[in-house]
Structures are given as C-alpha cells and as structure tokens.
Amino acid sequence: MNFSRKWIVSFGMLAALSPVTSFARGAEIVEIPVEAAFAPAQGFDDNDNIQIVLHGWLPNACYTVGDYKIETDSTAKTMKIHQFAMRKTDAMCAEETSMPEHLKMAIPFTTEISLGQLSAGDYKFGYQEPSGDFGFRDINVGVSPVPSIDAMPYAAVTNAVIPDVVSALDDLVVTVSGVLNSSCTELDDKVEFRKLKDVFIVLPVIKVKPGVLCAQVIRPFEKTLNLGKTAPGHYLIHVRSMAGKAVNRVIEVWR
C-alpha cells in the first residue's frame, strides 16, 4: 500500500478528528462528506483485493481531493472511512463569496480504495454523508473455491467507457477494452453482468481456443455491452479484471 496517500488506524488508537487541520501557509485540510459509497455486497472472496469507491462533490475550485483515513474495528468487522480535501485559503480563495461564478461551482470527485484481502465474513463500512451522519454499507466476503486470485479466468481489462451522465430513458451502454496475453485465448462472446442494488458487476471471462498453440502475444480486445435501463441515481460499473484489480466507473442516471 502507498501510505503517503492514506492512513489505516484502529479505533483504540484514533484521537478525535479535527474538522479543520492546518496544512501549510495558504492551505488547510478539511474533512468532506461523501454523497455515495459503492462496493458489491456479494461476489468478493477471501483472496480478492476488496475495493470500495467513494463519490462526492468538492464545494468549489478552492478544494482539491486529499487523503483518506480508515478506522478499523476488527472485532466488529466495521470500517469507517474519512475523506479529506485540501482547501486553499489565500489569493481569491481568501474570500470565496467574491470568486468568479464559474469557480464557485461544485466539482465531482471519485476515490478508489483498495482494502487488500479480508478473511471470509460479513463486514460494514461507513462514510460521512452530507447530513453529517455516518451511512453504512454491507460487504460479504466468501471463501474462495480456488487458490488463485480469481475463481474465473477474467480478461485483463484496462478501461471501461460510459458517459458520466445518462438519461433514465436511455440504456446504459459500456465499452470494455483491454488486452489478451496469449495466442490461444479469446474473450468469451457472452460477457455476463449482474446488478446488485446500485452496482453493476461485469464479468469478462476468457476462454481457450482448442487446437491453437499458446504463445505470449499481446492482442487488444473491445466489447460493448448494453446493461439496460435503470432508475435515477448514482451507480458503480464494476468490471472484474485479471490479477484481481477491477476497473470502476461511477455514473449518474438523471430523471
């Protein structure tokens, strides 16, 4: 883990969080709320890299996304995630009400958090909502049926393209791309997906071509999927990938 970007601490050792922390001349660190937090409620195994995705809004152009902190209660299997931002306090940011109008607009952000491997069981993770309360979501981690990272041979996905904003009248269409690393494999024609509440889980599996000599050859692939229509709200497109790190995209469906 890159500990320059995050801190993981236990409940017993964590002091009370200060809402505003001095950072440097002309800047300060503030905790900001999160509008939505995503993770598949089911589908992770105890040898997967567990990923959580946060989505929120920075108040204006004076803010940039900062680090996050995780409070962990291993006994209760509960994690609280605190998202921080750096706020400029000098120049035009010294008086935000006098800023140009286009710089006063809120700015969307997404933070992807890797928790690594967790033992099998039920977990809860919490995040500060705009109301100031902590919302909680559940994750179930199952026992892996095989010793490898992925129970199914997923393709090496590198990108998933879908508009950030989609009308509720339109289908969700995502284009998944990546590479195949051998001459004897190909992407399965039928790429399955399933929807668990506000998370679409896409499963791009590879298959072996019979009678073809296997050699290490890098070949690109691209697949477009229609996920259908869904109700207005925020959603996570979670695309499984080889080596255990999924590709995640947050979208908003408008009424």
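A brief look at the structure comes next. (Residues numbered from 1 in each chain as written. Predicted model: local features only at pLDDT ≥ 70, side-chain atom pairs only at ≥ 80, totals over all residues. Heavy atoms only, no water.)

1. Description of empty space enclosed by the protein
All chains considered together, the criterion is met by 2 cavities of 30 Å³ or more. The wall of the second largest cavity is formed by Glu 31, Ile 32, Val 34, Leu 54, Ile 81, His 82, Gln 83, Tyr 127 and Gln 128. Going through the elements one at a time, β3 (27-32), β8 (78-88) and β10 (121-128) are the ones with two or more residues in the lining of the second largest cavity. It is β8 that contributes the most residues to the lining of the second largest cavity, 3 residues altogether. Residue composition of the lining of the second largest cavity, grouped by class: 5 nonpolar, 3 polar and 1 charged. (1 Å grid on protein atoms, 1.4 Å probe; cavity = no way out; pocket = protein on both sides within 12 Å on 5 of 7 lines; lining within 4 Å. Points joined across faces, edges and corners; volume = space filled by probe spheres on them. Helix = DSSP H or I, 4+ residues; strand = E, 2+ residues; numbered from the N terminus. Nonpolar A, V, L, I, M, F, W, Y, C, P; charged D, E, K, R; others polar.)

2. Quick look at the pairing of strand β17 (residues 199-203)
Of all 5 residues in β17, 5 are buried, a share of seventy percent or more. Burial along β17 is two-sided: the residues Val 199, Ile 201 and Leu 203 and Phe 200 and Val 202 are all buried. Bridging between strand β16 (residues 192-196) and β17 involves 5 bridges; their strand directions are antiparallel. By the bridge assignment, Phe 193 is partnered in β17 with Val 202. Connecting β16 to the antiparallel partner β17 that follows it, the hairpin turn spans 2 residues, and Lys 197 within it adopts a positive phi of roughly 60°. Looking at chain direction, β17 and strand β20 (residues 233-239) are connected through 4 bridges and run parallel. In the strand pairing of β20, Val 202 is matched with Val 239. (Buried < 20%, exposed > 50% of the residue type's maximum accessible area, 1.4 Å probe, protein only. Pairing = 2+ DSSP bridges.)

3. Side note on the pattern of salt bridges
Considering all chains together, one arrives at 8 salt bridges under this definition. With a closest N to O distance of 3.2 Å, Glu 28 and Arg 87 form a salt bridge. Of this pair, Glu 28 sits in strand β3 while Arg 87 sits in strand β8, placing them 59 residues apart in sequence. Three or more residues joined by partner-sharing salt bridges are found here, namely Glu 28, Arg 87 and Glu 96. (Salt bridge = Lys/Arg side-chain N within 4 Å of Asp/Glu carboxyl O.)

4. Quick look at the side chain of Ser 182
Looking at the secondary structure, you find Ser 182 in the loop between β14 (172-180) and β15 (185-187). The exposure class of Ser 182 is buried, given its relative accessible area of 11%. When neighbours within four sequence positions are excluded, Ser 182 is seen to be in contact with Ala 215, Gln 216, Val 217 and Arg 219. (Contact = heavy atoms within 4.5 Å.)

5. Brief notes about the packing of aromatic side chains
The description of an aromatic ring pair uses the distance of the two centres, along with the angle that the planes make with each other. Applying the stated criterion across every chain yields a total of 1 aromatic pair. With a centroid separation of 5.9 Å and an interplanar angle of 55°, the aromatic rings of Phe 200 and Tyr 235 are classed as tilted. Here Phe 200, found in strand β17, pairs with Tyr 235, found in strand β20; they are 35 residues apart in sequence, far enough to count as distant. Residue Phe 200 is classed as buried on the basis of its relative accessible area of 2%. When the ring centre of Tyr 123 is taken as origin, the NZ or CZ atom of Lys 77, which lies over that ring, is 5.3 Å away. Sitting over the ring of Phe 134, Lys 80 keeps its end group 4.7 Å from the ring centre. (Phe/Tyr/Trp six-rings, centres within 6.5 Å; stacked < 30°, edge-to-face > 60°. Lys NZ or Arg CZ within 6 Å of the ring centre and 35° of its normal.)

6. Some remarks on the layout of surface pockets
Where empty space is left can be seen by rolling a probe of water-molecule size over the atoms. Taken as a whole, the largest pocket encloses approximately 300 Å³ of empty space. Counting only elements with at least two residues in the lining of the largest pocket, the list comes to β6 (50-58), β9 (107-116) and β21 (247-254). Taken together, the residues that form the lining of the largest pocket break down as 7 nonpolar, 4 polar and 4 charged.

7. Some words on the state of the cysteines
In the structure shown here, the tally under the stated rule is 2 disulfides. Each sulfur of the disulfide joining Cys 62 and Cys 93 lies 2.1 Å from the other. Taking the sign of the S-S torsion, -100° for the link of Cys 62 and Cys 93, the bridge is left-handed. Placement of the pair is Cys 62 in the loop between β6 and β7 (63-73) and Cys 93 in the loop between β8 and β9, with a sequence separation of 31 residues. For the pair shown, Cys 62 and Cys 93 are each scored as buried. Each disulfide pairs two cysteine sulfurs, and for Cys 184 the partner residue is Cys 214, the sulfurs being separated by 1.6 Å. Note on the Cys 184 and Cys 214 pair: the S-S dihedral is about 75°, so by sign convention the disulfide is right-handed. Of this pair, Cys 184 sits in the loop between β14 and β15 while Cys 214 is found in the loop between β18 (206-208) and β19 (219-228), placing the two residues 30 residues apart along the sequence. The class for Cys 184 is buried, based on a relative accessible area of 3%. (Disulfide = S-S within 2.5 Å.)

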